[in-house]
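Chain by chain, the residues:
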Amino acid sequence: MQKKTVCSILLPLLSVGLSAIEKPNVLFIAIDDLNDWVGCLNGHPQTKTPNIDRLATQGILFTNAHCQAPISGPSRASIMTGLYPSTSGNYFQLNDNDIKKSNHVTSKAAYLNDYFKMNGYTTIGAGKIFHLGDGDNSFEEYAGMFAGYGPNPQKRFKYDPAWFPNRKGKTATDWAAYPEHDSLLTDYQLAEWTASKLKMNYEKPFFMAVGFIRPHVPWYVTKKWYDMFPLKDIITPPYKPDDYNDIPEMGCKVTAVPMMPDTEWLIETNQWKELVQAYLACIAFVDAQVGKVLDALENSAYANNTIVVLWSDHGYHLGEKNRVAKQSLWERSTRVPLIFKVPGINQNRVCNKPAQLVDIYPTLADLCGLPEPKQIEGNSLVGLIHNPNMKWKHKALSFFGKGNVSVRDERYRLIQYEDGSLELYDIVLDPNEWNNLANDSGYKNIIRKLQRAIPQKMSEKSAYTFLNFHEHFNR
Ligand SMILES: [Ca+2]
Ligand SMILES: [Ca+2]
């Protein structure tokens, strides 16, 4: 952990009652499947996210932040337990009630919200925090998932799984201006509920979590959000048809997503711009819901004593690398928005050091002066929050199944697959990751240096494998 704040040194000395009064609240905002198409991250030139951008100007934006797994279940399990998938074995976690069953390490884990509860906080949640919502009843008060990923129409508008008869698995993928009113959408209801909770009085400091659903599929939001992005003007992301020529066989195998459309199909059927429009519309919609919650906080009694953290659980490809999916160890799948707003300090700062979602747990514990959690991994980012340019030796690690790992530093991404095959990209010179440098002998030392960050041992235990993961779910 980084150097302690004065607050964190003094608080344990005070009585429980007094320290509880002085501790800051936490507003924990999760977004599902939002990649770096956020204005302040420059991921797409047309994206409209004024509210997330506003939060970034009020705090610190981590521009090089990455998920620990490029799918919801294990990413969220990692955030909430503070453990890497390589430690927990949760590479494909699908059920919240399995999170603590993997091994002796996870059985002792305290969820982040539980850790706050143990330390005198009221814990309140709504929406998708864990993969299935509330982490097996782990919040004191939990509002539910409202309409979940729906509401769902009688039949799909665009995507028909029958188009891909040879593919296995399920997907909720579809895109259309639907339903008629915003109020029918889960995220609208979540924002209203959270705003109402911010108007209430609390005797103890709160840890309040809200987990928005869009831009997760199906890409349904009302027409007004689609109308913000005229189809004819849509810019599709960069795509290189022969990009896979230098990707190792295991890389192709690991990242194959059987049930999803690919870019060649999108071009053939003239659906690519429609798909990008749909994703941008969902982002603009969810950003507005985030805005409602931030406005409610700013207009509440908690405006000046509440830490806000906003994150997405992983990224998403919208045609880059011939895919419409997450489930890869490339930049667009692992890079996520990560913003901390800490009252009184650090307005409008940007940090380019590698940060991880698994760092949220120790960072919040540190910022709130809770006892240093002993059982977790990740690193407190508090030092960087105070000084974004400080020396930072840590790398960002992402896992996709045992033995498949990506290491990201300030410049490079190394991917090592389970058979030892490698990809190396210079993200500064090659942001689209088109040119695999792993076989260029000039990069041997860089590869060796990045490999040192890979855990020597990765946990075997996992409730799911690639095979049944692909057959059952795309989340
Ligand atoms: Ca997700
Ligand atoms: Ca390539």
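Description of the structure in this document. If you're wondering where the values come from, they're calculated on a predicted model, not measured in any experiment.

Considering the overall build of the chain
In terms of regular secondary structure, the chain is built from 17 helices and 18 strands. A globule of 475 residues ought to have a C-alpha radius of gyration of about 23 Å, and the chain, at 21 Å, matches this closely. Expressed as lengths along the three principal axes of its C-alpha atoms, the size of the chain is roughly 65 × 55 × 40 Å. For the chain, the proportion of its 475 residues judged to be buried stands at 54%. Partitioning the intrachain contacts of the chain with sequence separation of at least 6 by distance along the chain shows that 73% fall at a separation of at least 24.

Notes on the sheet that holds strand β7 (residues 206–212)
Taken in spatial order, the eight strands of this open sheet run β5-β4-β7-β1-β9-β12-β2-β13, and their pairing is mixed. Because the sheet does not close on itself, it has two edges, and the strands there are β5 (141–142) and β13 (349–351). In this sheet, strand β12 (residues 338–341) lies alongside strand β9 (residues 306–312) in antiparallel orientation, the contact comprising four bridges. Bridge pairing links W311 to L338 in β12.

Digging into helix α4 (residues 72–81)
α4 sits mainly inside the fold: 10 of its 10 residues count as buried. Of the positions making up α4, those classed as buried are S72, G73, P74, S75, R76, A77, S78, I79, M80 and T81. Those residues of α4 that are buried lie in contact with α5 (85–88), α6 (104–107), α7 (112–118) and α14 (360–367). Where α4 terminates, the next one or two residues include G82, which has phi positive at roughly 70°.

Some thoughts on the sheet that holds strand β18 (residues 422–426)
Spatially, four strands are ordered β15-β16-β17-β18 in an open sheet, and the strand pairing comes out antiparallel. Looking along the sheet, the strands with just one partner apiece sit at the ends: β15 (396–399) and β18. Going from strand to strand, the sheet's axes swing by 15° on average, the running direction of each strand aside. Inspection of the sheet shows strand β16 (residues 405–408) paired to strand β17 (residues 412–416) by four bridges, in the antiparallel sense. For S406, the partnering residue across the bridge sits in β17 and is I415. Strands β16, β17 and β18 of the sheet are contacted by helix α16 (residues 444–451), whose axis makes an angle of about 70° with β17.

Side note on the environment of A278
Following the sequence through the fold, A278 ends up in helix α12 (residues 272–298). Considering only alpha carbons, one finds A278 and V221, 57 residues apart in sequence, at a separation of 8.2 Å. Beyond its immediate stretch of four places on either side in the chain, A278 contacts W175 and W219.

Focus: the nonpolar core
Among the nonpolar cores identified, the biggest contains 129 residues, and I29, A281 and V309 are the most heavily contacted of them. Per-element tally for this core: the top contributor is α12, with 18 residues. When neighbours within four sequence positions are excluded, I29 is seen to be in contact with V210, V290, V293, V308, V309 and L310.

What to know about α12
Residue pairs three or four apart in sequence face the same way in an α-helix, which turns once every 3.6 residues. If you check α12, its first and last C-alpha atoms are 39 Å apart, about what 27 residues at 1.5 Å a residue would give, namely 39 Å. Most of α12 is tucked away: 21 of the 27 residues are buried.

Quick look at the pairing of β15
The side chains of a regular strand alternate, residue by residue, between the two faces of the sheet. Neither face of β15 is left uncovered, since the one carrying A396 and S398 and the one carrying L397 and F399 both have all their residues buried. Sheet topology places β15 next to β16; four bridges connect them, and they run antiparallel. Paired with L397 across the two strands is V407, which belongs to β16. Where β15 folds back on β16, the antiparallel hairpin that results is connected by five residues, among which G401 adopts a positive phi of roughly 85°.

Points about the environment of E433
Within the fold, E433 resides in the loop between β18 and α16. When the C-alpha positions of E433 and K321 are compared, they lie 9.0 Å apart, and in sequence the two are 112 residues distant. Each residue touching E433, except ones within four places of it in the same chain, is listed here: W330, E331, R413 and Y425.

Details of the packing of helix α8 (residues 186–197) against α12
Where α8 meets α12, the closest approach of the two axes is 9 Å, and the angle between their N-to-C directions is 5°. Classified by the angle their axes make, α8 and α12 are roughly parallel. Within the contact between the two elements, α8 uses D187, Y188, L190, A191, T194 and A195 and α12 uses F285, V286, Q289, K292, V293 and A296. Taken together, the residues that form the contact of α8 with α12 break down as eight nonpolar, two polar and two charged.

Here we look at the packing of helix α3 (residues 50–57) against α12
The N-to-C vectors of α3 and α12 enclose an angle of 45°; their axes lie 7 Å apart at closest approach. Judged by the angle between their axes, α3 and α12 are oblique. Here P50, N51, I52 and L55 of α3 come into contact with α12, specifically with D287, A288, V290, G291 and L294. Class assignment of the residues belonging to the contact of α3 with α12 gives a composition of six nonpolar, two polar and one charged.

Scoring rules and cut-offs
- Residues numbered from 1 in each chain as written.
- Chains lettered and ligands numbered in written order.
- Predicted model: local features only at pLDDT ≥ 70, side-chain atom pairs only at ≥ 80, totals over all residues.
- Helix = DSSP H or I, 4+ residues; strand = E, 2+ residues; numbered from the N terminus.
- Rg over C-alpha atoms; globule rule 2.2 N^0.38 Å.
- Buried ≥ 20, exposed ≤ 12 C-beta atoms within 10 Å, placed from the backbone.
- Contact = placed C-beta atoms within 7 Å.
- Pairing = 2+ DSSP bridges.
- Axes fitted to C-alpha atoms, helices over the stretch in contact; angles between N-to-C directions.
- Core = buried A, V, L, I, M, F, W, Y, C linked by C-beta atoms within 7 Å.
- Expected span 1.5 Å × (residues − 1).
- Parallel < 35°, antiparallel > 145°, perpendicular 65-115°, else oblique.
- Nonpolar A, V, L, I, M, F, W, Y, C, P; charged D, E, K, R; others polar.

Shape is all these values report; function is a separate question.
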